2 protein chains.
Amino acid sequence: MANSRSGESVIERVVRVLETFSAERTVQTASEIGRRAQLPSSTAHRLVEELVASGILERDEEQRVRLGMHLWELALRGSTALRLRQAALPHMERVQSAIREHTQLAVLEQEEALFLERLSHPDAGANITRVAGRLPLHASSSGLVLLAHADPGLRERVLAAPLRSLGPGTITDPQLLRRVLAGIRRSGHVVAPGSVEGVSTGVAVPIRDAGSVIAALSVVLPRASDPAAAVRALSDAAVRIEEELRATRV
Amino acid sequence: MANSRSGESVIERVVRVLETFSAERTVQTASEIGRRAQLPSSTAHRLVEELVASGILERDEEQRVRLGMHLWELALRGSTALRLRQAALPHMERVQSAIREHTQLAVLEQEEALFLERLSHPDAGANITRVAGRLPLHASSSGLVLLAHADPGLRERVLAAPLRSLGPGTITDPQLLRRVLAGIRRSGHVVAPGSVEGVSTGVAVPIRDAGSVIAALSVVLPRASDPAAAVRALSDAAVRIEEELRATRV
DNA sequence: CCATCGACCCCCATTGAATGGGAAATCCTG
DNA sequence: CAGGATTTCCCATTCAATGGGGGTCGATGG
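Residues numbered from 1 in each chain as written. Chains lettered and ligands numbered in written order. Predicted model: local features only at pLDDT ≥ 70, side-chain atom pairs only at ≥ 80, totals over all residues. Heavy atoms only, no water.

By the naming in an unreviewed UniProt entry, chain A goes by IclR family transcriptional regulator and is assigned to Leucobacter massiliensis.

Below is the structure:
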């Protein structure tokens, strides 16, 4: 009978509910969501029901629930991510058909690299990046470029925090990282050992809009191959994407 | 002093707020949102603030607000739209480089065709479809394919409602529409005069998953050209996408 | 220089939407 | 068919959300 109120807004709770979904977990039951989002079962069920009613979630064949098309639509139409992606896509395709490896586009989001787009090549090896996936800034070539051009406050925060290793190639020494970042600002690109795989090399360049760096374009190469052609292709694509952005400017 | 409560859930209101954004209106002030979403100004400001705090919205340089990257991320990771798009994209690229015209992928959503992806070719003409944009089912080649394979209830509802014309090529006669839909089910594809432009032809084929049609793949051709090659390229791509979906099955 | 307008942002009394415990109904599963 | 998990329903409680009012700030213009 005594109801201990939660003390948090519905919006926060809805975000927590949506955060329980992932690439590995695309469908869930209401109870699973409740457990994962730390909500009382009856509240979770009611919230899920409301979200289904507004099209944010969709029920599948029976019982379980998944992210709805309407959410996808709301998030994309009018999103700046979409504008950037649309400007970049044709040029990413060109890079990908020239280099024949994975090509990806990432932005800085909440102190991590968020991947907006990824084109994969059938011949190319495995790749941990996914669309809408994240990687730490210090542990991906895209992330390094974004970090190099991020505001100094963020940079120092990342340098101060422990640099988690994702594999043999990950930079974990702050001093080395500092030098690498300076090198990126000087040369305009980065060629880094693939932090995760260990058998690959990441190559990335910045994309600017209105002066500041807003995204990074990258490819993953087999360790053996020469990165020079990739650097050239990426730089060229970046210039064209920046032109496109200027033309599309609102 | 007297507060007339709204009588609707926060979730509904948030959806209304998000719906005020569009491709033409990517940044707004809190007051604009309030007006458009029919919310009292003080409520609108507070809601916007909460949404910014949770990363759903982002403030730009000063004052104004736009859809946040975090919303994009929440909507995409784990979304079925993403899985379909990822499976289709490489094959869409192949179609597009063969046919050299606009190529698009659409699904059925709330009795309209919702476009998940669009590849455009620089040489190709204008095209009203956009990613995250919609068109009526009877007024686009993709929509016709989706409608032809939709459940009979929906089909009859569309046939009963007035068929709004978007241009000279739009099918507005229910009897004709019925015959066209039957033809699509028989032949497995549609070649329809571009409903909007009038100078183009739409060609579309269905994509199936687990037996039922879940999407449509289409291209827009100049009225003059022969659709046979396009039909072949699309059908081929559809088969490959269906294979991919089977392989990716969860 | 002051008036006007619009956007923004507090304050705060009011209240109904949201809450969550309980319990019953339903679905699995061994 | 028993026992656990999941979902649905109910409802008294209450606090998060509400929105009117009013004050601040900045831009426009007469």
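1. Brief notes about the sheet that holds strand β3 (residues 65-67) of chain A
Residue and element names in this part refer to chain A. Pairing is antiparallel across the open sheet formed by 3 strands, whose spatial order is β1-β3-β2. The two strands at the open ends of the sheet, each matched to only one other strand, are β1 (27-28) and β2 (57-59). As defined by bridge partners, β2 adjoins β3 across 3 bridges and the pair is classed as antiparallel. Bridging across to β3, E58 finds its partner in R66. (Pairing = 2+ DSSP bridges. Helix = DSSP H or I, 4+ residues; strand = E, 2+ residues; numbered from the N terminus.)

2. Re the sheet that holds strand β1 (residues 27-28) of chain B
Residue and element names in this part refer to chain B. Sheet architecture is open: 3 strands sit in the order β1-β3-β2, paired in antiparallel fashion. Each of the sheet's edge strands pairs with one partner strand only, and the pair in question is β1 and β2 (57-59). Sheet strands touched by helix α3 (residues 41-53): β2 and β3 (65-67). Its angle to β2, the strand with the most contacts, is close to 95°. (Contact = heavy atoms within 4.5 Å. Axes fitted to C-alpha atoms, helices over the stretch in contact; angles between N-to-C directions.)

3. Let's talk about the interface of chain B and chain A
Across the contact, 50 residues belong to chain B and 50 residues belong to chain A. Regarding the contact of chain B and chain A, the summed buried area is about 4500 Å², with carbon and sulfur atoms giving 66% of it. On the chain B side of the interface with chain A, the three residues burying the most area are I11(B), M69(B) and W72(B), jointly 16% of the side's total. Where chain B touches chain A, the interface holds 4 salt bridges. At the level of elements, α1 (10-19), α3, β3, α4 (69-76), α5 (80-99), β4 (102-109) and β5 (112-119) of chain B are the ones that each hand at least two residues to the side of chain B that touches chain A. Residues of the side of chain B that touches chain A, tallied by class, amount to 27 nonpolar, 11 polar and 12 charged. (Buried area = accessible area lost by both parts, 1.4 Å probe. Salt bridge = Lys/Arg side-chain N within 4 Å of Asp/Glu carboxyl O. Nonpolar A, V, L, I, M, F, W, Y, C, P; charged D, E, K, R; others polar.)

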